[in-house]
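# Architecture at a glance
Here are the chains, one letter per residue:
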Amino acid sequence: MDPQSLAQSLTPSKVHAAHALIKPYIHRTPLLTNKTLNGIASTPQTPDALKGTPYEGQTPAAPTIRFFFKCENLQRIGAFKARGAFHALLRLIEERGEEEVRRMGVVTHSSGNHAQALALASSTLNIPSYIVMPSISTTSKIEGTKAYATKVVFSGSTSTEREAVVAEVQSQTDAILIPPYDDFNIICGQGTTGLEIEEQYLELLAQNPQLSVHGSSGSGLDAVITPIGGGGLNAGVATFFSDKKTRVFGAEPSFEGADDCRRGLEAGERVTSVKSLTIGDGLRTPVGLLNWEVISDKKKVEGVFAVTEEQIKAAMRLVLERMKVVVEPSAVVGLAVCLFNEEFRRIVEREGGEEGWDIGIVFSGGNTTVEAIGKLFS
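Quick notes on the rules
Residues numbered from 1 in each chain as written. Predicted model: local features only at pLDDT ≥ 70, side-chain atom pairs only at ≥ 80, totals over all residues. Heavy atoms only, no water. UniProt positions renumbered as here; feature names shortened; annotations may be inferred. Helix = DSSP H or I, 4+ residues; strand = E, 2+ residues; numbered from the N terminus. Patch = residues over 30% accessible without salt bridge, like charges linked within 9 Å, V, L, I, M, F, W, Y side chains within 5 Å. Areas by Shrake-Rupley, 256 points an atom, 1.4 Å probe, with all protein chains shown as cover. Salt bridge = Lys/Arg side-chain N within 4 Å of Asp/Glu carboxyl O. Buried < 20%, exposed > 50% of the residue type's maximum accessible area, 1.4 Å probe, protein only. Phe/Tyr/Trp six-rings, centres within 6.5 Å; stacked < 30°, edge-to-face > 60°. Expected span 1.5 Å × (residues − 1). Contact = heavy atoms within 4.5 Å. Domains from an automatic or database assignment. Buried area = accessible area lost by both parts, 1.4 Å probe. Nonpolar A, V, L, I, M, F, W, Y, C, P; charged D, E, K, R; others polar. Polar contact = N/O pair within 3.5 Å; in protein donor to acceptor, adjacent residues only side chain to side chain. Pairing = 2+ DSSP bridges. Axes fitted to C-alpha atoms, helices over the stretch in contact; angles between N-to-C directions. Core = buried A, V, L, I, M, F, W, Y, C linked by side-chain atoms within 4.5 Å.

## Focus: the UniProt feature "domain: Tryptophan synthase beta chain-like PALP" (unreviewed entry) in the protein
UniProt's feature table lists "domain: Tryptophan synthase beta chain-like PALP" (unreviewed entry) at residues 54-341, given in the numbering used throughout. Annotated as 45% helix and 14% strand, the span residues 54-341 places its first and last C-alpha atoms 11 Å apart.

## Some details on a nonpolar patch on the surface
On the surface, a cluster of nonpolar side chains totalling about 280 Å² of accessible area is made up of Ile136, Phe255 and Leu277. Since its relative accessible area comes to 49%, Ile136 is described here as partly exposed.

## Examining the packing of aromatic side chains
Applying the stated criterion to the full structure yields ten aromatic pairs. With a centroid separation of 6.1 Å and 35 degrees between ring planes, the pair formed by Phe249 and Trp357 is classed as tilted. Here Trp357 lies in strand E10 (residues 357-363) and Phe249 lies in strand E8 (residues 247-253), a separation of 108 residues in the sequence. A relative accessible area of 2% means that Phe249 is categorised as buried. Through a chain of ring-to-ring contacts, the aromatic side chains of Phe249, Phe305, Phe344 and Trp357 assemble into a single cluster.

## Looking at helix H6 (residues 113-124)
For H6, built from twelve residues, the straight-helix expectation of 16 Å at 1.5 Å per residue is met to within 8% by its first-to-last C-alpha distance of 16 Å. All of the buried residues along H6 are Asn113, His114, Ala115, Gln116, Ala117, Leu118, Ala119, Leu120, Ala121 and Ser122. Lining the buried residues of H6 we find helix H4 (81-96), strand E3 (106-109), strand E4 (129-134), helix H7 (139-146) and helix H9 (184-207). Asn126 lies just past H6 and shows a positive phi near 60 degrees.

## Brief notes about the domain arrangement of the protein
Where the parts come together, the accessible area they lose is often given as the size of the interface. Each assigned domain of the protein is listed here: domain 1 (3-70 + 183-377) and domain 2 (80-177). In this structure, domain 1 and domain 2 have C-alpha centres spaced 26 Å apart. The partner domain 2 presents 26 residues to the 32 residues of domain 1 that form the contact. At the boundary of domain 1 with domain 2, total buried surface from both sides reaches about 2,200 Å², with 59% on carbon and sulfur atoms. Three residues, Leu21, Tyr25 and Asn185, lead the burial of domain 1 against domain 2; their summed loss comes to 25% of the area buried on that side. Where domain 1 packs against domain 2, one counts three salt bridges. Elements that contribute at least two residues to the side of domain 1 that touches domain 2 include exactly helix H2 (12-22) and H9. Element by element, the count of residues in the side of domain 1 that touches domain 2 is highest for H9, at eight residues. A class-by-class count of the residues in the side of domain 1 that touches domain 2 yields eleven nonpolar, 14 polar and seven charged.

## Some points on the environment of Ser13
On the secondary structure map, Ser13 appears in helix H2. A polar atom in the side chain of Ser13 sits 2.9 Å from the side chain of Thr11.

## Points about the pattern of salt bridges
Enumeration according to the criterion identifies 21 salt bridges in this entry. In this structure, Arg83 and Glu72 form a salt bridge, with 2.8 Å as the shortest nitrogen-oxygen distance. With Arg83 in helix H4 and Glu72 in the loop between strand E2 (65-71) and H4, this pair connects stretches of sequence that are eleven residues apart. For Arg83, a relative accessible area of 0% puts it in the buried group. A salt bridge links Glu328 to Lys141; the shortest N-O distance between them is 2.9 Å. In this pair, Glu328 sits in the loop between helix H13 (309-323) and helix H14 (333-340) while Lys141 sits in helix H7, placing the two residues 187 residues apart along the sequence.

## Concerning the sheet that holds E4
Here we have four strands laid out as an open sheet, ordered E5-E4-E3-E6, and parallel in their pairing. The outermost strands of the open sheet, each flanked by one partner alone, are strand E5 (151-155) and strand E6 (176-177). Direction of pairing for E3 relative to E4: parallel, over a ladder of four bridges. Bridging from a neighbouring strand, His109 pairs with Val132 of E4.

## Details of the sheet that holds strand E1 (residues 31-32)
Hydrogen bonds along the backbone pair up the strands of a sheet, which may run parallel or antiparallel. Spatially, six strands are ordered E1-E2-E10-E7-E8-E9 in an open sheet, and the strand pairing comes out mixed. A strand with exactly one partner marks an edge of an open sheet, and here the two such strands are E1 and strand E9 (303-307). Here five bridges tie E8 to E9, and the two strands are oriented parallel to one another. Counterpart to Gly250 in the pairing with E9 is Val304. Where H9 meets the sheet, it contacts E1, E2, strand E7 (223-227) and E10, and its direction lies at approximately 125 degrees from that of E2. Relative to E9, helix H11 (residues 260-267) is tilted by about 130 degrees, and along the sheet it contacts E8 and E9.

## Re the nonpolar core
Core analysis: the biggest nonpolar cluster contains 38 residues, and Phe67, Leu335, Phe344, Ile359, Ile361 and Phe363 have the highest contact counts within it. Judged by nonpolar contacts, the second largest core, of 33 residues, contains Leu10, Cys188, Leu233 and Val294.

See the structure below:
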């Protein structure tokens with residue numbers, strides 16, 4: 001089936017079915033709020049912060065924002081990727097039979113989080129796994145993968161280099177490829193993040209309506225924003241919310257062209273390659289074909305915004321120091337957009353009016369080290 005037809009079969013009901021299947025294997029991660037970050041986000045940026053932007057000399061936006069942080073950094077293996085990996089592997093076993101999948105094993109390529117996730121899922125379900133990782137992957141991600149995988153094979157950092165090594169592994173082992181992001185079952189699994197965000201948001205408001213900008217009249221999040229690398233998380237979350245009023249946005253680093261999705265949407269066609277060493281190492285891949293079909297649909301994803309390396313670091317510092325939550329740089333690009341991207345902030349100010357918006361932020365992962373954090377802020 002071509003990507004366009006396949007994208008049309010991605011529905012909220014498929015995400016609900018995925019959640020029912022993977023619930024025994026994943027954590028229902030916390031949804032946190034933070035008054036300090038609400039206050040910072042609801043304060044206009046300084047005129048100096050707008051220098052060199054299209055908004056220089058203009059009055060900074062003054063949106064009202066309440067955050068709801070979905071802590072997938074506390075998911076198994078420290079990232080949302082566990083959702084898609086378990087779902088894809090369980091569906092593969094359903095389709096081809098446990099005996100055949102166990103005989104052949106599975107293979108994937110990933111900078112780290114999907115690598116660990118598939119290694120964990122395979123180990124849990126007693127399936128051999130062969131994981132291709134860039135040699136520059138974070139040490140903690142490499143070690144986490146080695147703890148569960150049958151074999152880890154190293155490659156170059158680009159998706160082309162990774163895929164070439166995957167082909168070699170398959171020629172030697174006949175292992176079945178489970179893609180890191182551009183896959184129907186992966187997308188459905190990642191979409192369960194959105195399902196839980198909505199459930200937990202409504203539960204929190206039932207206990208304390210004042211957490212919302214809308215008070216007791218609130219009926220759902222105004223927006224959810226996720227990081228975009230290959231696009232599986234964003235496409236999955238957008239699929240879940242496609243029949244609801246909640247708007248979905250994406251966030252990317254701008255460094256060395258890592259904002260391929262934003263640029264592609266602007267140009268009207270998917271960007272097929274990315275070569276960036278952004279600190280958001282989980283976001284160095286181009287958006288997949290199937291994910292592009294979802295994300296480029298304005299009815300599902302309303303926009304994608306980019307932030308600088310310094311803005312990512314500033315957001316990460318706030319999360320570490322004010323929330324006491326350990327996240328990796330990739331995880332905070334959505335928060336950085338809300339804090340620093342003036343275009344997005346003006347949308348919230350205009351569309352939210354006097355009340356403002358309740359915004360769900362997905363902290364996609366927390367796989368970093370003390371040494372890596374120290375180096376970032378030295």
